[in-house]
Amino acid sequence: MAGRNRKQHSQRPTGRDRLVVDASYVAAIHTCLALAAFGSALLLGCALHFKKIVRNGVAGYPDEWFPSVSATIGDWYPERNLFQILIAITSGPRFCVVFLQYLLNHQSQSSLPGWVFLCGIIRTLSCGGWVYITSNDDHDVHDVLMILYILCNVPWMLGGIHCTPTGHTESRRRRYVLFFGSVIPMIYFFVQHKVYRIPGAYTWYSFFEWGLILLDILYDSVTGIDFERSKLQERRTTPSTSNNSESTSTVERSTEAERPTPSKTDATDVSVKLKSGSFTPKKFLATSQLRRVLSFIADVYFCMYIRKPVMHSTDLHLAYLFWSIVTSLLTTLFYFSIWELGFSGSEAALFIYLSPVLLGITPLLQWATTTKGRVTLRLLSLIGLAAYKLDDPVTRLFVVGGANLFSLVSHCADWMTCPDAYQGLLLGLGLISSSLSKHANHSNNPVWPMLNEETGGYNKMGMALALLALLELGTRPPAPHHTPTTSQKGVGTSSSHEHDTASHWLASSIALGSLFFTLHCLLTDSSTIIAWSWTGYESRKPRGPLPHLYGAVTILAQSLGLLIPAVLPSRVASALLTHIGWFAYGCVSAFIMYNFRNWLGFAGGLNLAVFCMSITPSVMSQAAMNGFNKPGRTLFLAFLLVIIFYVANVFTAAYAFVPGGMYFRERTDLVLVVQLAAMSFAFRWPKTRFGRLGPPLHNSKETAAYTAAFLVVLSLSSVVVTIFRWPVIGPSPYKPGTGILNTGIWTVHFGFDNAGRDSQRRIRDVIRDMQLDVVGLLETDLHRTVYGNRDLTRVITEELGYYVDLGPGPNMHTWGAALLSKFPIISSHHHLLPSPHGELAPAIEAILDVYGTEVTVVISHNGQEEDALDRELQSKELARIMAESYPRPVIFLGYVVTKPHVPRPAPYDFLVNDGLMYDIDPHDRDRWCEYILYRGLYRTAYARVSRGIVTDTELQIGQFVVPKHGFNLVNQTEESRLLRAWKEQLPEDHWLPMEYYGSERQGGVNGHYYHVFDTPLYYRLPDDAHV
């Protein structure tokens, strides 16, 4: 034994040659190199290429007088090359800083330092990506990597702040930089530059962009303070023995009270010294540097840092799939109802929502909460995603119905056996992620079965991610604290308490049903509450928020609401979120949303979103605790109430086509009041049997942390999506400088094509091919549960560039009308035309700036022929609107339902004679629904395009030429208006696309072709035309 000790002692290094490097120097070197890289590029760029690097797509010097980061580092020699060389040198210290910070903060009981380390690595790699792939090389890749870099800064900075040692107050204060405060004005000036194309805005944007770079570098520099105070050092020892020539190193850290002394142990040992003692990793780490690295990577990826985040991410994705599947059933079944304009029989599929009643069977409930049961049921529910492959709408409905049955049973089983806040938070996170996916995919959920690859679906990717999630779920170690069984919940509960809570199952069930419907009705799409508040334009600006620009604000409000129960202490959250004062806050928010419009109404909707999301965990927890004895009963009543709300919500607008509809006509107010009244059972009312709702809402610290992290990611993603979708350039006419104005009217059947799929992209293609400058779309109000809470204008607006007026919102109880315009909208007003008996008729009156001339455009959807009085009153009101704008040029694009030249009380004579309008072609007598009328313009073309499979109604196109500015064209004679011509007699600018010549059997594009006349009709300008 003594000999062995002597042998070991003889092998210890005896040399005294030792290199000691203070880790704070590494941080200082990194800071100096980074500042040198960016500073040298800026100085050289301004000295050598100043006017070139300040020029952008909007303006140059002197309007723009300071360069952006991208232009400085990526456009010109030699600044680009010097910058890239210095950044390459900086990468070594940068990786060292990331690793040393992990080593300093690493704790065996916390996975946060490991996550911060991973974010630091990704952040560094993405930085190299946007540095070496410049905007000139690949603009999209450069932007994506830059956005990824900024996103990684969030967990890197916040995680670093959280991990800062408590005693390092100076370092903690310096970490609170103005980094994220600078992002807001930077985005503002970026919008001013990109969208409004304001000269000089990019200069101010560049200031904030450089500010972010500087703050980013300074943030990393303060890690040097942590290293210095912790005495983090790398010691490199050179042994003096001749039989061991290898040098060894050790990384040490200590507090100021315990300075490190020369080690007397093997130089390959890694020892971290603290006040309380020392931490020594496993012996196999000491064998070699390679093993240390490999063991560390295994630690990060397979031990404590990945499994829990992956588990929570899986639960989040499965919650997202739940909302995707549940919301797809109504859109699938309502396809049949809109073709029948009444009950079609498919409505019986609504009763699938009652399938959770099966959980009243105790063996099924127990099996559904096992790992095998969860995986099996959720695997079966994926047939709802695979249903996109089915072309037959009937078969698709049956498959989607079955998927809903499996999904509801599986998720509701978890709800009723988990009385803590986890399932409620999970449901809210799934809802927000579903809304975010729709916001990113033009208001369509990318895994809905009504979508496929051609219509904007990402079904295969959705299936792949779902299978990966189920693989994780099936191999997950048991977590009983998240999924207690029914018997477990009863342990420790007195019989008197069971009797007390069980007596409240009715109240909890009603509150759950009302809340579920409210979430589905208002918050499954970020633009729904915007549609509730929308009223149009005034003075060339929207009076309220636009969906594609401000949908992210709704998601932020939802995230804020869910954050409240996640981060507040359990007792505080329970006391606040079940207090009648909080219920009063929700009622006031709903009142503001319903009664006010524009920004104030939107603000009310945002507060209602906060309210509904905040009470979701509490309502679900109460339902689980009060209904655990008989979960089937509780869930049956809850979803029966959901079905009743679904029907009532549709009947408020569809009253003219359903029995008993007159009792629901325009009574969204009553439906909303009943919703709130039902949710009131989730609150503590003094001196009532519902005053005591049970124990405080339990929420673990781990759940709170992951919920907060997910909410931050989802919120930032919504902002990034908005910026990415933000129009690069403002709308402009297809044929600028010609005075030509192409218009169209199309009834698009609620965005469902003849195969029951979303038709947005097919509509977009036709509008793009026909180069329509002004389009009236009818039957476009899709912000109801049965339509999927969609915005039919999103694809066209974002991809083709149009100003949009959404028309009357869902609280106006119409089928909807929308205006798309390539010309600025000066002002617009929404009208509800007189409808004493039938459906409410919407109309939009808008004044457009068409090549400097104000032109009024009127879009309307009149009632059906069964209601003669309604049609007469509506026609008179439209005639009044158009006559009052005389002599201003007017274009009428409407759905009228009448034969041409039919005498009064049919609509035609009112519109033409009383409205002081001209028929686009009075000789076309083969019309019934759609009409185009005009005044004060020269009409040069008229076409009728077949519907294809997009809808049940054709597209009508009218081409006009605006008179010379300042000239009022009045009293046109029929002879001057009907100068028929061949297209060859007109300049090619007036020709409509040749590709659309064809027939039903051949020719045309995607089933669309010129029909009735088999060609567009052309008209030449009068000889005395003022153009």
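This one's a predicted model, so the numbers in the text were calculated from it and none came from an experiment.

**Student:** Explanation requested: the overall build of the protein chain in the structure shown.
**Tutor:** Along the backbone of the protein chain there are 34 helices and 21 strands. Counting across all 1027 residues of the protein chain, residues that qualify as buried make up 58%. On the protein chain, roughly 42,000 Å² of surface is accessible, and the fraction owed to carbon and sulfur atoms is 62%.

**Student:** Help me understand a nonpolar patch on the surface in this model?
**Tutor:** Taken together, the side chains of Val357, Leu358, Ile361, Leu405 and Phe636 make up a nonpolar region of the molecular surface, amounting to roughly 370 Å² of accessible area. Following the sequence through the fold, Leu405 ends up in helix 16 (residues 393–416).

**Student:** When you look at the nonpolar core in this model, what are you seeing that I'm missing?
**Tutor:** Across soluble globular proteins, nonpolar side chains show a tendency to be buried alongside one another. In this structure, Tyr353, Phe516, Phe639, Tyr787 and Leu819 are the most contacted members of the largest nonpolar core, which totals 170 residues. Both of domain 2 (304–476 + 504–723) and domain 3 (740–1019) provide at least three residues apiece to this core. Among all residues touching Phe639, those that are not within four sequence positions of it are Tyr353, Leu354, Pro356, Leu408, Cys412, Trp415 and Phe516.

**Student:** Would you mind going over the sheet that holds strand 11 (residues 817–821) with me for this structure?
**Tutor:** Sheets are built from strands that pair by backbone hydrogen bonding, the pairs being arranged parallel or antiparallel. Read across the sheet, 8 strands follow the order 10-11-9-8-19-18-21-20 without closing on themselves; strand pairing throughout is mixed. The open sheet is flanked by strand 10 (803–805) and strand 20 (980–981), the only strands paired with a single partner. Examined bridge by bridge, strand 20 and strand 21 (residues 1017–1019) share 2 bridges and lie antiparallel to one another. Looking at the pairing, Ala981 lines up with Tyr1018 of strand 21.

**Student:** Hey, could you run me through the environment of Leu43 in this one?
**Tutor:** Here Leu43 is to be found in helix 2 (residues 23–54). Its relative accessible area of 63% is what places Leu43 among the exposed residues. The spatial distance from the C-alpha of Leu43 to the C-alpha of Glu79 is 8.5 Å, given a sequence separation of 36 residues.

**Student:** Looking at this structure, I do not really get the sheet that holds strand 12 (residues 825–833). What am I missing?
**Tutor:** As summarised here, the arrangement of the 6 strands in space is 12-13-14-15-17-16, forming an open sheet in which the pairing is mixed. Across the chains shown, the open sheet's two edge strands, defined by having one partner strand only, are strand 12 and strand 16 (918–919). As defined by bridge partners, strand 16 adjoins strand 17 (residues 930–935) across 2 bridges and the pair is classed as antiparallel. By the bridge assignment, Tyr918 is partnered in strand 17 with Tyr934.

**Student:** What exactly am I supposed to notice about the pairing of strand 8 (residues 740–747) here?
**Tutor:** Successive side chains on a regular strand alternate, one facing one side of the sheet and the next facing the other. With 8 of 8 residues buried, strand 8 is to be regarded as a mostly interior element. Here strand 8 shows two buried faces, one formed by Ile740, Asn742, Gly744 and Trp746 and the other by Leu741, Thr743, Ile745 and Thr747. Inspection of the sheet shows strand 8 paired to strand 19 (residues 955–961) by 7 bridges, in the antiparallel sense. Considered in strand 19, the bridge of Trp746 is made with Leu955. Here strand 8 pairs with strand 9 (residues 774–778) via 5 bridges, running parallel. Note on strand 9: the bridge partner recorded for Ile745 is Gly776. Handedness of the crossover is the feature at issue here: the chain leaves strand 8, passes through helix 30 (residues 760–770), returns alongside strand 9, and the resulting connection is right-handed.

**Student:** Is there a simple way to explain the side chain of Arg378 in this structure?
**Tutor:** Counting through the fold element by element, Arg378 comes out in helix 14 (residues 371–381). What makes Arg378 buried here is its relative accessible area of 6%. What Arg378 contacts, discounting residues up to four positions off in sequence, is Leu318, Ser410, His411, Asp414, Leu470 and Leu473.

**Student:** Sorry if this is basic, but what is going on with the environment of Lys194 here?
**Tutor:** Mapped onto the fold, Lys194 is located in helix 8 (residues 179–194). Taking the relative accessible area as the measure of exposure, Lys194 reaches 24% and is therefore partly exposed. When the C-alpha atoms of Lys194 and Val58 are compared, they prove to be 8.4 Å apart, with 136 residues separating the residues in sequence.

**Student:** Whenever I open this one, the packing of helix 23 (residues 547–567) against helix 26 (residues 598–626) confuses me. Can you help?
**Tutor:** Each pair of packed helices can be described by the angle between their axes along with the distance between the axes. Viewed as axis vectors pointing N to C, helix 23 and helix 26 meet at an angle of 35°, and their least axial separation amounts to 7 Å. In the crossing of helix 23 with helix 26, the sense of the turn from one axis to the other is right-handed. Judged by residue contacts, Tyr550, Val553, Thr554, Ala557, Gln558, Leu560, Gly561, Leu562, Ile564 and Pro565 of helix 23 engage Trp599, Phe602, Leu606, Ala609, Val610, Met613, Ser614 and Pro617 from helix 26. Across the contact of helix 23 with helix 26, the residue classes break down as 14 nonpolar, 4 polar and no charged.

**Student:** Hey, could you run me through the packing of aromatic side chains in this one?
**Tutor:** Scanning all chains against the criterion turns up 44 aromatic pairs. Ring geometry for Phe50 and Tyr61: centres 5.7 Å apart, planes at 75°, overall edge-to-face. Here Phe50, found in helix 2, pairs with Tyr61, found in the loop between helix 2 and helix 3 (69–74); they are 11 residues apart in sequence, far enough to count as distant. When the centroid spacing of 4.9 Å and the interplanar angle of 5° are considered together, the rings of Phe750 and Tyr787 count as stacked. You can see Phe750 sitting in the loop between strand 8 and helix 30 and its partner Tyr787 sitting in the loop between strand 9 and helix 31 (794–801), a full 37 residues away along the chain. Assigned by exposure class, Phe750 and Tyr787 land together as buried. One aromatic cluster is present, built from ring pairs that chain together Trp65, Phe66, Tyr188, Phe189, Trp204, Phe207 and Phe208.

**Student:** When you look at helix 31 in this model, what are you seeing that I'm missing?
**Tutor:** Structurally, the α-helix is built with 3.6 residues per turn, so residues lying three or four positions apart point the same way. Counting buried positions along helix 31 gives 7 out of 8 residues, so the element sits mostly inside the fold. Among all positions in helix 31, only Arg794, Val795, Ile796, Thr797, Glu798, Leu800 and Gly801 are buried.

**Student:** How should I be thinking about empty space enclosed by the protein in this particular structure?
**Tutor:** In this approach the atoms are scanned with a rolling probe the size of a water molecule, which exposes any empty space left behind. Under the defined criterion, the tally for this structure stands at 11 cavities of 30 Å³ or more. The space that makes up the largest cavity amounts to roughly 120 Å³. In terms of lining, the largest cavity is formed by 17 residues, of which the most central are Thr780, Asp781, His783, Asp791 and Leu806. Considered class by class, the residues forming the lining of the largest cavity number 8 nonpolar, 6 polar and 3 charged.

**Student:** Explain the pattern of salt bridges to me, please; I cannot follow it from the model alone.
**Tutor:** One pass over the full model with this rule turns up 33 salt bridges. Across the pair Lys460 and Glu453 runs a salt bridge whose closest N-O atoms are separated by 3.7 Å. For Glu453, a relative accessible area of 44% translates into the label partly exposed. Two residues, Arg944 and Glu954, come together in a salt bridge whose shortest N-O distance is 2.9 Å. Here Arg944 is found in strand 18 (residues 938–945), whereas its partner Glu954 is found in the loop between strand 18 and strand 19, with 10 residues between them in sequence. Given the relative accessible area of 6%, Arg944 is considered buried. Using a relative accessible area of 11% as the deciding quantity, one classes Glu954 as buried. Members of the salt-bridge network, linked through shared partners, are Arg764, Asp765, Arg768, Asp769 and Glu799.

**Student:** Before we go on, may I ask you to explain the confidence of the model for the protein chain in this structure?
**Tutor:** Detailed conclusions should not be drawn from predicted coordinates in areas where pLDDT is low. Per-residue confidence for the protein chain gives a mean pLDDT of 84; residues scoring 70 or more make up 85%. Here residues 254–292 is modelled with pLDDT under 50, and outside its nearest four sequence neighbours on either side it reaches 61 contacts, counting other chains as well. Long-range and interchain partners of residues 294–304, a stretch whose pLDDT sits below 50, account for 16 contacts in this model, where long-range means more than four residues apart.

**Student:** What's the story with helix 32 (residues 868–884) in this structure? I'm lost.
**Tutor:** Here helix 32 is 17 residues long and its end C-alpha atoms lie 25 Å apart, about the 24 Å a rise of 1.5 Å per residue gives. The inward-facing, buried residues of helix 32 contact strand 12, strand 13 (841–850), strand 14 (853–861), strand 15 (890–895), helix 33 (907–914) and strand 17.

**Student:** Explain the pairing of strand 17 here, please?
**Tutor:** For strand 17, a buried count of 6 out of 6 residues is recorded, marking the element as mostly surrounded by other parts of the structure. Burial along strand 17 is two-sided: Glu930, Ile932 and Tyr934 and Tyr931, Leu933 and Arg935, pointing in opposite directions, are all buried. Pairing analysis gives 6 bridges linking strand 15 to strand 17, with the strands arranged antiparallel. If you follow Leu893 over to strand 17, its bridge partner there is Ile932.

Reading the values: rules and limits
Residues numbered from 1 in each chain as written. Predicted model: local features only at pLDDT ≥ 70, side-chain atom pairs only at ≥ 80, totals over all residues. Heavy atoms only, no water. Helix = DSSP H or I, 4+ residues; strand = E, 2+ residues; numbered from the N terminus. Buried < 20%, exposed > 50% of the residue type's maximum accessible area, 1.4 Å probe, protein only. Areas by Shrake-Rupley, 256 points an atom, 1.4 Å probe, with all protein chains shown as cover. Patch = residues over 30% accessible without salt bridge, like charges linked within 9 Å, V, L, I, M, F, W, Y side chains within 5 Å. Salt bridge = Lys/Arg side-chain N within 4 Å of Asp/Glu carboxyl O. Core = buried A, V, L, I, M, F, W, Y, C linked by side-chain atoms within 4.5 Å. Domains from an automatic or database assignment. Contact = heavy atoms within 4.5 Å. Pairing = 2+ DSSP bridges. Right-handed = clockwise from strand over helix to strand, strands pointing away. Axes fitted to C-alpha atoms, helices over the stretch in contact; angles between N-to-C directions. Left-handed = near helix turned anticlockwise from the far one by under 90°. Nonpolar A, V, L, I, M, F, W, Y, C, P; charged D, E, K, R; others polar. Phe/Tyr/Trp six-rings, centres within 6.5 Å; stacked < 30°, edge-to-face > 60°. 1 Å grid on protein atoms, 1.4 Å probe; cavity = no way out; pocket = protein on both sides within 12 Å on 5 of 7 lines; lining within 4 Å. Points joined across faces, edges and corners; volume = space filled by probe spheres on them. pLDDT = per-residue confidence, 0-100. Expected span 1.5 Å × (residues − 1).

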